[in-house]
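# Descriptive analysis of the structure
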Amino acid sequence: MRRRTLLGAGIAVALAGPTPASADTGRRVLHVRPGNTVQAAVDAVDGPGWTIVVHPGTYREVVEVPPQKAELTLRGATRNPRDTVIVYDNANGTPKPDGSGTYGTAGSATFTSTAPGLTVRDLTLANDWLRADHPEITGTQAVAAYLTGDRTSFENVRLLAHQDTLFTDTTALDAFDRQYFRRCHIEGDVDFVFGRATAVFEECRFHTLRRDVDFIPKGMVFAPSTARANPHGILAVRSRITSAAEDGAYKLARPWVPSYETTAWPSLVVRDSWIGPGTDAVAPYTNMRDAHPWQSMRFWEYANSGPGAAVPVPENRPRLTPAQAASHTRRAYLGDWRPYECP
């Protein structure tokens, strides 16, 4: 095993095999330490199959993984995701330095990937932009991670922000990109898991934040925008929905039908999960726009428990039958891609 420095950035690279530039020499690893940047390591990747190991520290930067960096693994050097943090603070309405307008929702992301086969593990992705610090900005969406590209896998990752924390999108309106999240912690307040990807969340924690406003609901967990042709949207299974807010302050979901995709038919299934008291049990769903009522969407629950999963008004909580539930599993959603079988 040998090490060399790339791009003069102090990024150490370990390579197996005699020819470092060759894609078939085995496992190739870049190590990033504080004082260097994760983006420089991403830029140095010259083919599929690289691993970038980010050592403990806080990396204040925006990171973008372009589509040609396929099959990349990005992971923290320890198993504790709190040790390695990538964070920035752009919002939708933040002016760009070059005066060309604002970043927009997707452009506000701390971490963006359009690469197929991306794996992220054991670190934190955060957007620490705060509404209270920027009262002049009305576009308050501030994304921690914006993801497109088929076969995107996250494990043991913390995703932290307020509004629009995790944008699970696809590479095109007619693409059914698949994303898988296992044992992740995702927190926020408004629509903080949203988008049109086929996204499976297993053993994850969705945490609603305390919010100092005088209206209810204070926010929503999910806002799917699934394409009408896609039979699978967002699936949360064996997960937990917890809250730092008062009881009943949050809705479970509302449908998002974007102006650029008015035929969207949002799909969400929450099953075999624990829903805490912060979620409104009586009326857990609401509308984003009255023209697209949640009752006309594909919103379902199955075998949930906890005080926020009570069903005092059955018509407010559509439920799958056991036969229907058999079609809403990780295998049904992800097909021939089975990241949950990886060690």
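Residues numbered from 1 in each chain as written. Predicted model: local features only at pLDDT ≥ 70, side-chain atom pairs only at ≥ 80, totals over all residues. Heavy atoms only, no water.

The number of helices and strands found in the chain is four helices and 27 strands. By principal-axis analysis of the C-alpha atoms, the chain measures approximately 65 × 50 × 35 Å. When burial is assessed residue by residue, the chain has 57% of its 343 residues classed as buried. Taking contacts inside the chain between residues at least 6 apart in sequence as the whole, the part at least 24 apart equals 67%. Accessible area of the chain: about 14000 Å², with a carbon and sulfur share of 52%. (Helix = DSSP H or I, 4+ residues; strand = E, 2+ residues; numbered from the N terminus. Buried < 20%, exposed > 50% of the residue type's maximum accessible area, 1.4 Å probe, protein only. Contact = heavy atoms within 4.5 Å. Areas by Shrake-Rupley, 256 points an atom, 1.4 Å probe, with all protein chains shown as cover.)

On to the nonpolar core, then. In terms of nonpolar packing, the biggest core is built from 54 residues, with Ile-52, Phe-111, Phe-154, Phe-201, Phe-206 and Phe-222 touching the most fellow members. Here this core takes four residues from helix H1 (residues 38-44), the largest share from any one element. (Core = buried A, V, L, I, M, F, W, Y, C linked by side-chain atoms within 4.5 Å.)

The sheet built from seven strands is open, its strands ordered E6-E9-E12-E15-E18-E21-E24 with parallel pairing. Each end of this open sheet is capped by a strand with a single partner; those strands are strand E6 (63-65) and strand E24 (250-253). When the angles between neighbouring strand axes are averaged without regard to direction, this sheet yields 10°. (Pairing = 2+ DSSP bridges. Axes fitted to C-alpha atoms, helices over the stretch in contact; angles between N-to-C directions.)

With that settled, the discussion passes to the packing of aromatic side chains. Evaluation of the coordinates by the stated rule reveals twelve aromatic pairs. With a centroid separation of 5.4 Å and 65° between ring planes, the pair formed by Phe-201 and Phe-206 is classed as edge-to-face. Looking at Phe-206, the relative accessible area reads 0%, which means it is buried. Ring centres 5.0 Å apart and planes at 65° place the aromatic pair Phe-206 and Phe-222 in the edge-to-face group. Taken together, the positions of Phe-206 in strand E20 (residues 205-208) and Phe-222 in strand E21 (residues 219-224) put the pair 16 residues apart, joining distant regions of the chain. Taking the relative accessible area as the measure of exposure, Phe-222 reaches 0% and is therefore buried. (Phe/Tyr/Trp six-rings, centres within 6.5 Å; stacked < 30°, edge-to-face > 60°.)

Before going further, it helps to examine the pattern of salt bridges. Inspection of the entire model under this criterion finds 21 salt bridges. A salt bridge links Glu-246 to Lys-218, with the nearest nitrogen and oxygen atoms 2.6 Å apart. You can see Glu-246 sitting in the loop between strand E23 (240-243) and E24 and its partner Lys-218 sitting in the loop between E20 and E21, a full 28 residues away along the chain. Judged by relative accessible area, Glu-246 falls into the partly exposed class, the value being 31%. Two residues, Arg-338 and Glu-341, come together in a salt bridge whose shortest N-O distance is 3.8 Å. According to the relative accessible area criterion, Arg-338 is partly exposed, its value standing at 29%. A relative accessible area of 55% places Glu-341 in the exposed class. One network of salt bridges, in which partners are shared, links Glu-155, Arg-182, Arg-183 and Glu-203. (Salt bridge = Lys/Arg side-chain N within 4 Å of Asp/Glu carboxyl O.)

Here we come to the side chain of Arg-298. Topologically, Arg-298 is positioned in strand E27 (residues 298-302). Although buried, Arg-298 forms no salt bridge, and the nearest oppositely charged side chain, Glu-261, lies 9.0 Å from it. Of note is the side chain of Arg-298, whose polar atom sits 2.8 Å from the backbone oxygen of Asn-230. Apart from the residues within four sequence positions on either side, Arg-298 is in contact with Thr-226, Ala-227, Arg-228, Asn-230, Pro-231, Trp-265, Pro-266, Ser-267 and Leu-268. (Lys, Arg positive; Asp, Glu negative; His and termini not counted. Polar contact = N/O pair within 3.5 Å; in protein donor to acceptor, adjacent residues only side chain to side chain.)

As a general point, the strands of a sheet are linked pairwise by backbone hydrogen bonds and lie either parallel or antiparallel. Spatially, the eight strands line up as an open sheet ordered E5-E8-E11-E14-E17-E20-E23-E26, and their pairing is parallel. If you trace the sheet from one side to the other, it starts and ends with strand E5 (57-60) and strand E26 (274-275), each paired once. Relative to E23, E20 runs parallel, the two being bridged by four bridges. Bridged to His-207 within E23 is Thr-242.

Attention now goes to the confidence of the model for the chain. Residues shown with low pLDDT carry predicted positions that ought not to be read at fine detail. Per-chain confidence: the chain averages 93 in pLDDT, with 92% of residues scoring 70 or above. Scored below 50 in pLDDT, residues 1-9 shows 29 contacts in the model against residues more than four places distant or in partner chains. (pLDDT = per-residue confidence, 0-100.)

Mapped onto the fold, Arg-238 is located in the loop between strand E22 (234-237) and E23. Between the alpha carbons of Arg-238 and Asp-174 there is a distance of 29 Å; along the sequence they are 64 residues apart. If sequence neighbours within four positions are ignored, Arg-238 has contacts with Glu-202, Glu-203, Cys-204, Arg-271, Asp-272, Ser-273 and Arg-330. For Arg-238, the side chain forms a polar contact with the side chain of Glu-202, separated by 2.3 Å.

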